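These are the residues of each chain, in order.
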Amino acid sequence: MDNDTFGEGAGQARPQRDTGNADFGQPTPALARTVQLVTGDFLLTVNPVDGSEIEPCPPGEQPPRPARRSAAERAELQRAARPPVPPGPPAPPLPLLERDEERERLVRLLGRGRSVRLTGPAGSGRSALLDTVAEDCADLAPDGVVRLSGHHRTPTELLYELFAVVHSAPKHRPDRATLFQYVREIGAIVVLDDLEFGGAALGELLDAAPECAFLVAATPDVPAPAADSHLEEVFLAGLGRSASLDLLQRAVERPLTEDEANWAGDLWFESEGLPLRFIQAGALLRQADSLRSDPDELDEYTPFDGIAEVEVPLPTLGEGAAPASLLASRLSEAARDTLRFAVALGGEVPHQAHLPALVGDTHADAALGELMACGLLSPVGSRYRLAAGVIAQLTEKGYAEDAADHAHTAAQHYAWWSGHPSVTPERAVAEADAVLATLAAMVPGQEAGHPNAAVLLARSATPVFAAGLHWGAWERALRVGSEAARLAGEVAEEAYFHHELGVFALCTGNLDRARAELETSIGMRGALADKRGTVASRRALALVTDREGGLVPAGRTPAGEEVPAARHDESASPPGGVPAAVLPLGLRRGMGTGAAGQPKSTEEPATLVSRSSAGGAKSGRRFSVLGGARRNLVAAGAGALLAAVLGTVVTLGATSEHQDPPGNKVRNGQSANEDDAENGLDADVPADGSTRSPGDEPKNPAAVTPGASSSTGNASTPSGKPAPSETPEGMPTTSGRPTTKPKPTPSASSSKPTPPSTPPSTPPTTPSSPSPTTSTSPSQPGGSTSASAPMTSSAPASNDPSTGGSPVI
C-alpha cells in the first residue's frame, strides 16, 4: 500500500495541533452558570452542580422597590409574549362575524370596572374575540391591558406574571405577602385566556387584585366561579348558517359553488356553527383547488410532495367534521413529522427554531406555517398547540404509533439545548410547556433508557427555570425528575432533586415540606459520601430550623442528625463534656469551709478535672487530666464524691451536739503544727497512713482558735465549744443516709505512720463512691481517723514521677 500521499491530495489534511494549548486541542469544559436571585428576604444562588444555596439576604443586597413600566415598555413586553409569526405564505385574514353584541357588552362591563367570565366551547372563537376586546380597552385603565394565559397556570403563578408585566424587577421575586401588596396597587384590564380553574381559586385571584377588571375565558367544563365572586357571565355560542357560509367563502377566497354551499350547510348542522370547523373546511377546499391546478404552475411554496390526480371530489361530511387526518395527508413530510412530535408531547408544538433539529430537515420551520394555514394549530400564550379535537383525530389515524421514540428524541434535544451556555433563562422559560410535556411523556414509559433521558432533561432544565423565575415549571420539573431518578436508580440525581425541592419549599414558606425534603437529601448524600452536597443541604436545613424559631424536634440536631438515646442509668453528655470538680487528697494551707460546708481557699484554688487542651501537656499541672471515653465516669464519680462529702459533713455536725470534752473532738482546721516545720513536716502534704484516735488531744490545742470555722460547718463559740448543729435528728442528708448520733469508738492502739516511699499493699476502693479522710500530723501520737468518716485509700499522695505515685480521686 502506497502511503506517500497520506493526508495530501484529494484527502482532507489533518489540522496542526496547537502545542501551546493546555488541553491539546480538547475543548475546555465550561463553568457552571450560577445566578443569584432575591426572593423575599433570602438570597438564592442557583447552583446546577451541587444544588442551590440559600441564605438570609445581606442588608446591602436587598433590591429597591420595583419601578412601574411605562406604556411603551408594557406594549413591547406584550408583543414579545405573542406567538411568533410562522414562515411561509400567510393565511387569509378572517373577520369577526356575529360577535358585535358580545363585543360591546364586554367593553361596557370592563369600562365600569366589572369582571366578566366568557364561556364558550373549544373552537367557538373565544381567543379572536378577546383580541378585539383588548384593543378596544387599551385606554381604559392606568396600567393598560395585560394579556395572560391560564394554560397550566395556578392563581399564584398568574399573580406573579401580572406583577412582572407591570413592574420592572429583574432577578427579584417577592414573597407572597409583598406580592399581594404590589398587586393591590395595579389598575389594569387583565385579559386571561384558557383559564383552567374556578371556584375558590378564581375568587382568590380576583380578590388579590381589587383594582383590576378581569376578562377570563374558559370552556364549559371548567368549574364555575363561587356565588360571591360577582362575575358577570357571557356565553358564546356558534355562528349562524349565513355567517358560517360567509366565513367559509372568505377562507377559500372565492365564491362557493352550489355543491360546496350545500356541503357547508350540512357541516353547519353537524358542527353547531363552530368557526374552527369552517376554517378547516376552507383549508380543505383550498387544497382541492391546488390539486386541480396544473403541476407546472406550482411555485416553490406549494407544500405537496407530489400530485396523484387532477380531479378532486368534495370531502365527505365526516371528513369535514373531523378533517385533521385528511388535511395532514396533503401536507409536506416535515409538517407530518411535526404533527407526530406534537401528538407525542400531548398537543404541545415545539418552537419553529427546534423543528429542523427534531425533524431532520433544514426547512422544517416552514411546517409551522402550513399547520397554521390549515387550522390545525391555535395560539396559546407565547406558543402554539394542536387545535381542539386534532390530537384525537390524528391518534385514531396512527400518528401516535411511534410516540415513545419521538418523545425520547425530543428529550435528548431539549436536554442538550437547555444546558447550552448560549440559551438564556428567558428563552428556556418560553419553551417550558414543551419541556414539561416531554418529561411527562418520558416518565411513565417502560422503554429502556427513557427514565435516564428524563433525568438528564430535568437536570438541565430546572436550573434555568429557577433562574428565569418560572417557579411553577421549576417545581413540576423537579417532581418529575425525582420520580424519573427513582425509576432509573440514580441516587445522586434523586438527592439533588430532593435538595432543590427543599429549597423551593423554604422559599415559598412551607417549612415542614422543606425539612422533609432536605433530610431525605442529606440521608442520600451521606450514603454516597457526597461531602459538598451534604454541606449545602445541611446549610439549608439549618436555615429551616432558624425559621422555625430555633425549635429542634426531639432527638434531632440543627443539622438534622439523630442523637443517640441516653442510657437509663446516666444522663446524655454534651459534645464538649461537663467539667467536674474533684477535691484534692490533702487539705491546702489556709483552706477552711464556708457557711454551707463548701471548701474555700484564701491562697490556692482547688484543682478541677476538665477536658485537656492542645497545650495541656506542656502546662506542668500537678494533676493529670482525664478525658475521652472516661469523661462520663469521672463526672459520675465526682457527683458521688460530692454527695458523700456532704453526707459526712452533716453527720459530723450532728455528733457535735454531745457535750464531750474538747479533746474528743476531731478538728481539721490545720493538719499540722507550724512549730514542727524544723522537723521537715509539710502542712500541705500529710503523710500516708497517719491515724488519730477520737479520744486523743492534739499536740497544740492552741492551733484551733476561738471563732475559727470547723470542718462541720458550725461556728465555734467564744468558749471554744462548737455550736449545736442545725440539722434535725433523723432527717436524711444528701448522701441518702439518716443523720444519727454515733458513739465515739476509742482507738485500741496507736501505730506509727508508714513511710511515703512504701507502696500500699491494699488497693484503693472504687473511686465512684469515695469518702474523705481526716488526717493529722504523723508527729502526733495516737492519731487516727474518725469512726464516722471511713478511709477510702491508704495510697501515698506523692506526685513524683520517680516513685510512680499518682493522684487518687
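Enquirer: Honestly, the overall build of the protein chain in this entry has me stumped. Any pointers?
Expert: Scanning the protein chain for helices and strands turns up 24 helices and 17 strands. Taken across its 809 residues, the protein chain has 41% of its residues classed as buried. Nonlocal contacts in the protein chain, meaning residues at least 24 apart in sequence, comprise 71% of its contacts between residues at least 6 apart. Split by element, the accessible area of the protein chain, about 42100 Å² in all, is 54% carbon and sulfur.

Enquirer: For this particular structure, what's the right way to read unusual backbone geometry?
Expert: Excluding glycine, residues mostly carry a negative phi; peptide bonds, for their part, are mostly trans. Residues other than glycine seldom take positive phi values, yet Lys 171 does so here, at roughly 60°. Turning to its location among the elements, Lys 171 is positioned in the loop between strand S7 (167–168) and strand S8 (172–173).

Enquirer: Is there a simple way to explain the pairing of strand S10 (residues 213–218) in this structure?
Expert: For a regular strand, the rule is simple: side chains alternate between the two faces of the sheet. Most of S10 is tucked away, with six of its six residues classed as buried. Along S10, one buried face is formed by Ala 213, Leu 215 and Ala 217 and the opposite face, lined by Phe 214, Val 216 and Ala 218, is buried too. Where strand S5 (residues 116–119) and S10 come together, four bridges link them in parallel fashion. Residue pairing across strands places Thr 119 opposite Ala 218, the latter belonging to S10. Sheet analysis places strand S9 (residues 189–193) next to S10, joined by four bridges and oriented parallel. When the sheet's bridge partners are listed, Val 190 is paired in S10 with Phe 214. As a crossover connection, the stretch from S9 through helix H6 (residues 199–208) into S10 is right-handed.

Enquirer: I tried to follow helix H12 (residues 333–344) on my own but got confused; where do I start?
Expert: It helps to recall that an α-helix has 3.6 residues per turn; residues three or four apart then point in one direction. A rise of 1.5 Å per residue sets the reference length of H12, with its 12 residues, at 16 Å; its end C-alpha atoms lie 17 Å apart and thus fit the reference within 8%. Where burial is concerned, most of H12 is hidden: 10 out of the 12 residues are buried. Just downstream of H12, Gly 346 is the residue with a positive phi angle, here 75°.

Enquirer: Even after reading the chapter, I still don't get the side chain of Arg 173, so can you show me in this structure?
Expert: Here Arg 173 is to be found in strand S8. With no salt bridge to any partner, buried Arg 173 finds its closest opposite charge in Glu 157, at an N-O distance of 7.3 Å. A polar contact is formed between the side chain of Arg 173 and the side chain of Tyr 160, at a distance of 3.4 Å. In this structure Arg 173 touches Val 38, Thr 39, Gly 40, Tyr 160, Leu 469 and Trp 471, once residues within four positions along its chain are discounted.

Enquirer: How should I be thinking about the packing of aromatic side chains in this particular structure?
Expert: Two measures describe an aromatic ring pair: the distance that separates the ring centres and the angle between the ring planes. Scanning the entire structure with this criterion turns up six aromatic pairs. Ring plane angle 20° and centroid distance 5.5 Å describe the contact between Phe 163 and Tyr 182, whose orientation is recorded as stacked. Placement of the pair is Phe 163 in helix H4 (residues 155–166) and Tyr 182 in helix H5 (residues 176–184), with a sequence separation of 19 residues. Here Phe 163 and Tyr 182 have matching classes, each one buried. Aromatic side chains Tyr 496 and Phe 497 sit 5.6 Å apart centroid to centroid with 65° between the ring planes, which places their arrangement in the edge-to-face category.

Enquirer: Mind showing me how you'd approach a negative patch on the surface here?
Expert: On the surface, Glu 401, Asp 402, Asp 405 and Glu 447 cluster together to form a negatively charged patch. Residue placement: Glu 447 occurs in the loop between helix H18 (432–442) and helix H19 (450–467).

Enquirer: When you look at the packing of H19 against helix H21 (residues 491–507) in this model, what are you seeing that I'm missing?
Expert: Describing two packed helices takes the angle between their axes plus the distance from one axis to the other. The interhelical angle for the contact between H19 and H21, taken along N-to-C directions, is 30°, at an axis separation of 11 Å. Taken together, the axis directions place H19 and H21 in an arrangement best described as roughly parallel. Handedness of the crossing formed by H19 with H21: left-handed. Here H19 contributes Val 455, Ala 458, Arg 459, Thr 462 and Pro 463 to the contact with H21, which in turn contributes Glu 493, Tyr 496 and Phe 497. Of the residues belonging to the contact of H19 with H21, the class tally is five nonpolar, one polar and two charged.

Enquirer: Looking at this structure, how should I read the sheet that holds strand S11 (residues 232–235)?
Expert: Across a sheet, strands are paired by hydrogen bonds formed along the backbone, either parallel or antiparallel in direction. Overall, parallel pairing links the five strands, which are arranged S6-S9-S10-S5-S11 in an open sheet. Pairing within the sheet leaves two strands with one partner each, and these edge strands are strand S6 (145–149) and S11. Here the strands of the sheet are splayed against their neighbours by 15° on average, with no regard to which way each runs. Looking at chain direction, S5 and S11 are connected through four bridges and run parallel. Residue pairing in the sheet places Leu 118 in a bridge with Val 234 of S11.

Enquirer: I would appreciate a short explanation of the pattern of salt bridges in the present structure.
Expert: When charged atoms on two side chains of opposite charge get close, those side chains can pair. Applying the stated rule across the entire model yields 31 salt bridges. In this structure, Glu 161 engages Arg 153 in a salt bridge whose closest nitrogen and oxygen atoms are separated by 2.9 Å. Take Glu 161: its relative accessible area is 24%, and that puts it in the partly exposed class. Note that Glu 431 and Arg 383 form a salt bridge whose closest N and O atoms lie 3.4 Å from each other. You can see Glu 431 sitting in the loop between helix H17 (425–430) and H18 and its partner Arg 383 sitting in strand S13 (residues 383–386), a full 48 residues away along the chain. Considered together, Glu 431 and Arg 383 belong to a single accessibility category, that of buried residues. One continuous salt-bridge network, built from bridges that share partners, spans Glu 333, Arg 336, Asp 337 and Arg 340.

Enquirer: Where do I start with the sheet that holds strand S3 (residues 53–56) in this structure?
Expert: The mixed open sheet is built from four strands, whose spatial order is S3-S2-S1-S8. Looking at strand neighbours, the two that pair on one side only are S3 and S8, the edges of this open sheet. With four bridges joining them, strand S2 (residues 42–46) and S3 adopt antiparallel strand pairing. Each residue of the ladder has a partner; that of Leu 44, found in S3, is Ile 54. Across the sheet, helix H23 (residues 531–547) touches S2 and S3, and the angle it forms with S3 is around 35°.

The rules behind these values
- Residues numbered from 1 in each chain as written.
- Predicted model: local features only at pLDDT ≥ 70, side-chain atom pairs only at ≥ 80, totals over all residues.
- Heavy atoms only, no water.
- Helix = DSSP H or I, 4+ residues; strand = E, 2+ residues; numbered from the N terminus.
- Buried < 20%, exposed > 50% of the residue type's maximum accessible area, 1.4 Å probe, protein only.
- Contact = heavy atoms within 4.5 Å.
- Areas by Shrake-Rupley, 256 points an atom, 1.4 Å probe, with all protein chains shown as cover.
- Pairing = 2+ DSSP bridges.
- Right-handed = clockwise from strand over helix to strand, strands pointing away.
- Expected span 1.5 Å × (residues − 1).
- Lys, Arg positive; Asp, Glu negative; His and termini not counted.
- Salt bridge = Lys/Arg side-chain N within 4 Å of Asp/Glu carboxyl O.
- Polar contact = N/O pair within 3.5 Å; in protein donor to acceptor, adjacent residues only side chain to side chain.
- Phe/Tyr/Trp six-rings, centres within 6.5 Å; stacked < 30°, edge-to-face > 60°.
- Patch = residues over 30% accessible without salt bridge, like charges linked within 9 Å, V, L, I, M, F, W, Y side chains within 5 Å.
- Charge placed at Lys NZ, Arg CZ, Asp CG, Glu CD.
- Axes fitted to C-alpha atoms, helices over the stretch in contact; angles between N-to-C directions.
- Parallel < 35°, antiparallel > 145°, perpendicular 65-115°, else oblique.
- Left-handed = near helix turned anticlockwise from the far one by under 90°.
- Nonpolar A, V, L, I, M, F, W, Y, C, P; charged D, E, K, R; others polar.

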